[in-house]
Each structure stands twice: as structure tokens, then as C-alpha cells.
Amino acid sequence: MELTQLRYFVAVVEEGGFTRAGARLHVSQPGVSAQVAQLERELGQRLLDRSGRRVTPTEAGEAVLPYARAALAAVEGIRRTADEFSGLLRGRVALGLIPGAAAARSEGFDVVTLLGDFHDAHPRVEIALAEDTSERMLAAVRDGRLDLALVGLGGEEPPAGVSTRVLLDAPLVAAVRPGHPLVREAVRATIPLGALRDRPLIALPHGTGVRGVLERACAELGFTPRVDFEAATPAVLARLAARGLGVAVFPSGAETGEAAGEATGGEALRTLRITGPELRGRVALAWRTDGPSGPAARRLLARFLDTVAGV
């Protein structure tokens, strides 16, 4: 029995399939299958049920799973202890990002710079980045599938067992091309939320914090926002608005210069602050309240929090 076999077995259980486990481990699917099959032959037990669309552990597999995890954790503990004596930090951090978060900057806070500095200080730490909706990433943090995540907050409380710290906080704006009727209706570059009723909107997808903020605020005014286009990043929303396809809603400062040249006559998009009520888009760092399990993730969490405190 080898540690590789145990590692592959645990990955298949957690990912629900050999292909996804292979992608996570950077190994081909046949390689994962062969190692798990060898483990089953050595133990004389079928550990995985392969009959369904999702691979699940058999009764024997359920019994073996905690011991496999314990063995892998023990080996990792040995490595960490040895590294502590040499002053070397290594390991793997699973970090989730909402689309566009890597490009976010505010008053000295820059995700890419922070990660780059952390890698320079700890080159043996592997950082795995994944993009998803805030809703799914908060669940992944709660379940331990992600160590940390940059998520959008929509006003609701995070899941039990998950803590958050706001990193970026900006008002939501409505972005339109020059000459749009909203520009003429605006007063001091602001418009009431009710002005968006029945207008074609361009918004972030369901499950994102900004979309949740928009939908709840509209519901309080008695209407459902008419979203004609969805896109994963504010930059794409801005480009669609520049083509005159609707009113893009995103946090102030998230627009890019790319859209400016696409507006009529090369003029920049007009951004109008939404009021009555004012809506805000917040990006926050999320982590398990009892702390990430690995020292590398704990160190990266500390770096994030120190950076926010210094901003």
C-alpha cells in the first residue's frame, strides 16, 4: 500500500469522479483509476461504487476513508514539522475568486500584488485559484473545499462557521452609452433605483453578491429587474453597455477603459450613481471561523488581513 494510492482514493471520493480527481491531482484519469484499482486489489475490497454518474464510496470505502485521510494528514504533519525546523513553509492553498477579483484595486489593495509578494516569500507554497459564484464559494469554504475565498457580499449573513472581512466597498452605478435617456434624467450624475424599472439591464449572474443586492433592492420597490444580458465580469458588462445593449450595473471603479472607445463617437461610458436607496457592492475575504487547516493557508490569511488593516 502506497501513499499515492491513498491520496488518489481520497481525491476520487471528494471530487465524485476519476476525471475530476485527475484534474485536481494533475494526473491522467487512467493513472488515477489504475492506482485505486491496485489499492482495492491489495485490500481485497471494492472501495468505490462506479455504477452511477457520480462515483461514491462503498460501505468498505466509507470505513477505510477516515484512516486514509488520517494517514495523509500524518505525513503532511511530519513534513510541516521538518519544515518548521528549517524555516521553510510549503503546502497548498485553495483560493476562490469571484470573476474579475484579480483585477480589483482599491486604495493600495491589489490581489495580484499580494499573491505575488506571498509567492516570493514562500516559493514552495502552491496556490490553486478557482473562479465561481460567491454563493458556491461560501459553501466550499464552509465545507473545507476552499481554504479562502474572495466573494461578493449581498447583505445576507455568511453561512454558519464562515467569517468574512470586507476588502472593497463601492457604490453601485448604472453605466450607459452617451445619449442614453438616463443621462438626461440624471441629477448630478445620480439616478433613483426606480428609474431602472422595465429597462433592459446588463448584470452579473445569479449567485453573485452584486446581483443579490440589486434584486433585493428592486423587490423592496415592488418590481423585478429586467435582465437581458448576464456576464461574469464588470469589464464585459461595460462593453455590452457601450454597444447600447442596455444599462450595466456594477460597482463604481470596476469599469475599464476598453469600453470607452466602443461608445458612440469614441466617448466614454456615462456612469450614474444609483440612489434611493444607495446600493453598494462589497468584496470580502471568507474563511472558516475556526481557521484554515494548513499553515500555508493560515499564513496567507494573515497576509490578507494585515494588508487590509494597513490600507
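Residues numbered from 1 in each chain as written. Predicted model: local features only at pLDDT ≥ 70, side-chain atom pairs only at ≥ 80, totals over all residues. Heavy atoms only, no water.

S.K.: What should I look at first to understand the environment of G212 in this one?
M.R.: Looking at where G212 falls in the secondary structure, it is placed in helix α8 (residues 209-220). Taking the C-alpha atoms as reference points, G212 and T133, 79 residues apart in sequence, are found 11 Å from one another. (Helix = DSSP H or I, 4+ residues; strand = E, 2+ residues; numbered from the N terminus.)

S.K.: I keep staring at the pattern of salt bridges and nothing clicks. Help me out?
M.R.: Where charged atoms of side chains with opposite charge meet at close range, the side chains can pair. Considering all chains together, one arrives at 17 salt bridges under this definition. A salt bridge links D132 to R136; its shortest N-O distance comes to 2.7 Å. Across the pair D169 and R280 runs a salt bridge, and its minimum N-O distance is 2.7 Å. Placement of the pair is D169 in strand β8 (residues 162-176) and R280 in strand β14 (residues 280-288), with a sequence separation of 111 residues. Sharing partners across several salt bridges, the network here consists of E14, E15, R24 and R69. (Salt bridge = Lys/Arg side-chain N within 4 Å of Asp/Glu carboxyl O.)

S.K.: Got a minute to help me understand the environment of V10 in this structure?
M.R.: Take V10: it is sitting in helix α1 (residues 3-15). In the structure, V10 is positioned 56 residues away from P66 in sequence and 9.2 Å away in space, judged by C-alpha atoms. Beyond its immediate chain neighbours, meaning those up to four positions away, V10 contacts L65, A68, R69 and L72. (Contact = heavy atoms within 4.5 Å.)

S.K.: Where do I start with helix α2 (residues 18-25) in this structure?
M.R.: Structural remark: α-helix, 3.6 residues per turn; residues separated by three or four positions point the same way. Taken together, the buried positions of α2 are occupied by F18, A21, G22 and L25. Seen from one end, α2 has its buried residues packed into an arc of 100°, which puts them on one side. Residues of α2 that are exposed and point more than 90 degrees away from the buried face comprise T19 and A23. Buried residues along α2 sit in contact with α1, α3 (29-43) and β1 (48-49). (Buried < 20%, exposed > 50% of the residue type's maximum accessible area, 1.4 Å probe, protein only. Arc of directions from axis to C-beta.)

S.K.: I tried to follow the side chain of T208 on my own but got confused; where do I start?
M.R.: Within the fold, T208 resides in the loop between β10 (201-203) and α8. The exposure class of T208 is buried, given its relative accessible area of 16%.

S.K.: Would you mind going over the pairing of strand β12 (residues 247-251) with me for this structure?
M.R.: Looking along a regular strand, one sees side chains alternate from face to face of the sheet. For β12, the buried fraction is high: five of the five residues fall into the buried class. Where β10 meets β12, two bridges bridge the pair, whose relative direction is parallel. Paired with L201 across the two strands is V247, which belongs to β12. (Pairing = 2+ DSSP bridges.)

S.K.: Looking at this model, I keep getting lost on the nonpolar core. Mind explaining?
M.R.: Burial of nonpolar side chains together is a common tendency in soluble globular proteins. Counting 37 residues, the largest nonpolar core has L148, L150, L285, L300 and F304 as its most contacted members. Secondary-structure elements contributing two or more residues to this core are β3 (90-97), α5 (111-121), α6 (134-143), β7 (148-153), β8, β14 and α10 (295-310). Element by element, the count of residues in this core is highest for α10, at seven residues. Here L150 is in contact with G96, L97, I98, A101, V111, M137, L167, V283, A284, L285 and F304, once residues within four sequence places are set aside. Membership of the second largest hydrophobic core comes to 35 residues, among which are A175, V247, F250 and L272. (Core = buried A, V, L, I, M, F, W, Y, C linked by side-chain atoms within 4.5 Å.)

S.K.: Would you explain the confidence of the model for the chain in this entry?
M.R.: Parts of the prediction with low pLDDT should not have their coordinates interpreted in detail. Across the chain, the average pLDDT comes to 86, with 90% of residues at 70 or higher. Summarising per-element confidence for the chain, the mean pLDDT is lowest in strand β4 (residues 105-106) (56) and highest in strand β11 (residues 227-230) (96). Below a pLDDT of 50 lies the segment residues 257-265, which in the model reaches 16 contacts outside its immediate sequence neighbourhood of four places, other chains included. (pLDDT = per-residue confidence, 0-100.)

S.K.: What's the story with the packing of α1 against α3 in this structure? I'm lost.
M.R.: A pair of packed helices is characterised by two quantities: the angle between their axes and the separation of those axes. Contact geometry of α1 with α3 gives a least axis separation of 9 Å together with a crossing angle of 110°. Classed by the angle they form, the pair α1 and α3 counts as roughly perpendicular. As for the relative orientation of α1 and α3, their crossing is left-handed in sense. Here α1 contributes T4, Q5, L6, Y8, F9 and V12 to the contact with α3, which in turn contributes G31, V32, Q35, V36, Q38, L39 and E42. Looking at the contact of α1 with α3, its residues break down into seven nonpolar, five polar and one charged. (Axes fitted to C-alpha atoms, helices over the stretch in contact; angles between N-to-C directions. Parallel < 35°, antiparallel > 145°, perpendicular 65-115°, else oblique. Left-handed = near helix turned anticlockwise from the far one by under 90°. Nonpolar A, V, L, I, M, F, W, Y, C, P; charged D, E, K, R; others polar.)

S.K.: I'm lost on unusual backbone geometry in this one. Help?
M.R.: For the bond from G276 to P277, the omega torsion is 5°, close enough to zero to count as cis. Residue position: P277 is located in the loop between β13 (270-275) and β14. Unlike most non-glycine residues, A189 shows phi in positive territory, near 60°. Tracing the backbone shows A189 in the loop between α7 (181-185) and β9 (190-192). Positive phi is not limited to glycine here, since D198 has a value of about 70°. Looking at the element boundaries, D198 is found in the loop between β9 and β10.

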